[in-house]
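Examination of the molecular architecture
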Amino acid sequence: MSTLLILALGSNRFSGTLPSDLGRGMQNLEEFYIGGNNLSGFISPSISNSSRLRILDIAYNSFTGPIPQSLGNLEQLELLNLQMNNFFSDSSLSFLTYLTSCRNLREVGFAENPLDGVLPASIGNFSDTLQIFYGENCKLKGIIPEEIGNLTGVAKMTLSNNELIGHIPKTVLGMLNLQELYLDSNKIEGTIPDAICNLKNLGALDLSGNQFSGSVPPCLGNVTSLRKLYLAYNSLNWSLPSSLGSLEDLIELDASSNLLSRQIPQEIGNLRAAALIDLSKNDFSGEMPSTIGGLDKLTKLSLAHNRLEGPIPDSFGKMLALEVLELSFNNLSGEIPKPLEALKNLKYLNISLNKLSGEIPTGGPFANATGQSFLSNDALCGDSKFHVPPCVVKSTKRSKRKKAILALYVLLGVGLLFLALALAYVFLRLRKKKKNAGQADVTLVKGHERISYYELEQATEGFSESNLLGSGSFSMVYKGMLRDGTLLAAKVFNVQLEGAFKSFDTECEMLRNLRHRNLTKVITSCSNLDFRALVLEYMPNGTLEKWLYSHNFFLDMLQRLNIMIDVASAMDYLHNGYSTHVVHCDLKPSNVLLDQDMVGHVSDFGIAKLLGAGEAFVQTRTIATIGYIAPEYGQDGIVSTSCDVYSFGILMMETFTRMRPSDEIFTGDLSIRRWVSDSFPSEIHKVVDANLVQPVDEQTDAKMQYMLSIMELALSCTVVIPDARINMEDALSTLKKIKLQFVNSRH
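Residues numbered from 1 in each chain as written. Predicted model: local features only at pLDDT ≥ 70, side-chain atom pairs only at ≥ 80, totals over all residues. Heavy atoms only, no water.

With that settled, consider the side chain of Glu107. Within the secondary structure layout, Glu107 lies in strand S9 (residues 107-109). The side chain of Glu107 sits in the buried core without any salt bridge; Arg106 is the nearest counter-charge, 5.5 Å away. (Helix = DSSP H or I, 4+ residues; strand = E, 2+ residues; numbered from the N terminus. Buried < 20%, exposed > 50% of the residue type's maximum accessible area, 1.4 Å probe, protein only. Lys, Arg positive; Asp, Glu negative; His and termini not counted. Salt bridge = Lys/Arg side-chain N within 4 Å of Asp/Glu carboxyl O.)

Here it is as structure tokens:
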């Protein structure tokens, strides 16, 4: 061992502890890799006996105890990675002081450890060789020391998700080589110092989620190296400086959730490289700059929740890369521009809660749009699928002709009434005959041919067990194939069970008028005295439950995120996009079906509830699946849309942890929500599905940040008090934002 130079044991499944005399007998060791295992225990101070160590990587384990001060004796040390463990420290983080003796140190990472201390002034004593400094999510407290300005060689510094207070020191101007600075999700206050504008190499600046006030420094427009600028969730006010238009290479600008006001500057149209611009939830007024239409690389534009007025510029139709356009909650007026039909890549459009008028276009992205995109624009008209009145065609004919046409309509209406009565009589006679004969018939959906009970039986091979796809409380679902090769899923209700008839009737009532791409499509229904079945669109990829828990299947992070967005879209439609609020009441992985393209569809409305006009909740004795059920539903039978939000939060936790809420580890007071909450945020890596964040994955750190955002949303969905839960619309919006940031981070 004394001649060993490199020891690489990373990314395995080793467990246990390291030797108490670690380092002894390995005096020539230069590189030591044991990251990505299940090791625990302390790191012995004797490790400094390997005095020639240049690289020490022990990240992604469960080591605990203090970080050895003896690491400061490793004079040749160049890289130290201690991230994602359970190390603690004294309040002054003295290990950092000792590490300043390592004059060759290029990278130090201690992120994701519960250090609970204050950054020492000695941080400024690191040598000029230090380039990367990772210290996010460590419970760091206190102020950022002024001595940080001495780190002239640092190119990347992350101190996100801590509890830092005070101001950004003006001495930061000394960090002349800084390319990325992440201070998001702290409690830093005051103004953004002009000193940052001296950092001419700065490419990414994230100050979001703090308590900054005052104006956005106009001098930021001089930092032409900026590619990403995040200022969201602060209290910045005044106007957005027009000088930001000089940032011609800026890719992402997020200044949402501030107090910015006045007009959006025309110069924003100079951000030719921008892929994301989010100025939502501010107090901007005036008209939207038409110059934005020249941003042909823009994929997301959000100007929602402002006081913008005037028309939507025709030039917006030139942003052909646009995927998300969010303009809701403003005072926009005029017609929806026809040129927007050219936005072939647009996947999400929301112009609700404005004062728009005229006909809703039907071409391009509007062909797949729903009424949810146009809510509360009282003067809009168009296709009935948008839940708006039809457009009135102004006639130039004389009054006499109008009266003649009206008389014709009246006569036609009377004729149709008699015809309907005659057909009803015939139908009732036929129905009576068929009931006596015991033969099942089918209630048809327009566009589908009649299908008999015999054909349904043939299609499923006599409802063979080999075709069984799944079963529920009141029904069994079989795969079937019609003679023409059409695949279907037949949901057959067990009429012997009490409640089966009610479940069938409820599901028919719910699905008769509901239309959404993420709801299971019902082709038709089959019913007689002793048989009840729904004929559903076949979903070849089965249930989300199958993909989560079968060893032969795997969903990556983006697929899981997409499915959650699909489910959230469906639930938002049920809660907000239909004339009557619908509560699903039984959201869980087995009720999420996946089609050929892995698009999620919510199914099984057997115990769903309708909320009447003005009703916030109803009471019921029907109990949903234990583990997913909201507290107020389980205890008092109170059903509201908040119950679905709670179930959705549990569904998200299960999807990304791959742990059932009914798992045997959840006993007593420990539930899946408590488990996730207790691990949030510093130990979230311990609950996340290990298959999603492999230690060898270069994007693991980034994935964990997005996982934190996902779990934070899930916890917001599952708070005990129903009124304190986030609503489905906001949950959907948050998920889409997480997805957009995740996708962009991979490029």
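Given 3.6 residues to a turn, an α-helix orients residues that are three or four positions apart in the same direction. Over its 18 residues, helix H11 (residues 728-745) runs 26 Å from end to end, which matches the ideal 26 Å to within 8%, given 1.5 Å per residue. Among the residues of H11, Met728, Ala731, Leu732, Leu735, Lys737, Ile738, Leu740, Phe742 and Asn744 are the ones counted as buried. Where H11 is buried, its residues meet strand S18 (252-254), strand S20 (276-278), strand S22 (300-302), helix H6 (557-577), helix H8 (641-657) and helix H10 (700-717). For H11, the side-chain oxygen to backbone nitrogen distance between the N-cap and Glu729 is 3.2 Å, and the N-cap itself is Asn727. (Expected span 1.5 Å × (residues − 1). Contact = heavy atoms within 4.5 Å. Polar contact = N/O pair within 3.5 Å; in protein donor to acceptor, adjacent residues only side chain to side chain.)

With parallel pairing, the three strands of this open sheet are ordered in space as S13-S15-S17. Bordering the open sheet on either side are strand S13 (189-190) and strand S17 (235-236), each of which pairs with just one other strand. (Pairing = 2+ DSSP bridges.)

Another aspect to go through is helix H9 (residues 672-679). Within the span of H9, buried status applies to Ile672, Trp675, Val676 and Ser679. Angular distribution of buried residues about the axis of H9 spans 90°; they occupy a single face of the element. Against H8 and H10 lie the buried residues of H9. (Arc of directions from axis to C-beta.)

A few words on the packing of H8 against H10. Where H8 contacts H10, the two axes come as close as 7 Å, and the packing angle between them is 150°. As far as their axial angle goes, H10 and H8 are roughly antiparallel. At the point where H8 passes H10, the crossing takes the left-handed sense. Together, Val645, Tyr646, Phe648, Gly649, Met652, Met653, Phe656 and Thr657 of H8 and Met707, Ile710, Met711, Leu713, Ala714, Leu715 and Cys717 of H10 make up the contact between the two elements. Considering only residue class, the contact of H8 with H10 consists of 13 nonpolar, two polar and no charged. (Axes fitted to C-alpha atoms, helices over the stretch in contact; angles between N-to-C directions. Parallel < 35°, antiparallel > 145°, perpendicular 65-115°, else oblique. Left-handed = near helix turned anticlockwise from the far one by under 90°. Nonpolar A, V, L, I, M, F, W, Y, C, P; charged D, E, K, R; others polar.)

Time to look at the confidence of the model for the chain. Here the chain shows a mean pLDDT of 86. Residues at 70 or above account for 86%. Note on residues 432-448: pLDDT under 50 across the span, and 32 contacts to partners over four residues away in sequence or across chains. (pLDDT = per-residue confidence, 0-100.)

Another aspect to go through is the pattern of salt bridges. All chains considered together, the criterion is met by 22 salt bridges. One salt bridge in this structure joins Arg725 and Glu632, with 2.9 Å as the shortest N-O distance. Taken together, the positions of Arg725 in the loop between H10 and H11 and Glu632 in helix H7 (residues 631-636) put the pair 93 residues apart, joining distant regions of the chain. Per residue, the accessibility class of Arg725 equals that of Glu632, and both read buried. Salt bridges here are not isolated pairs; linked through shared partners, they connect Glu30, Glu31, Arg52, Arg54, Glu78 and Arg106.

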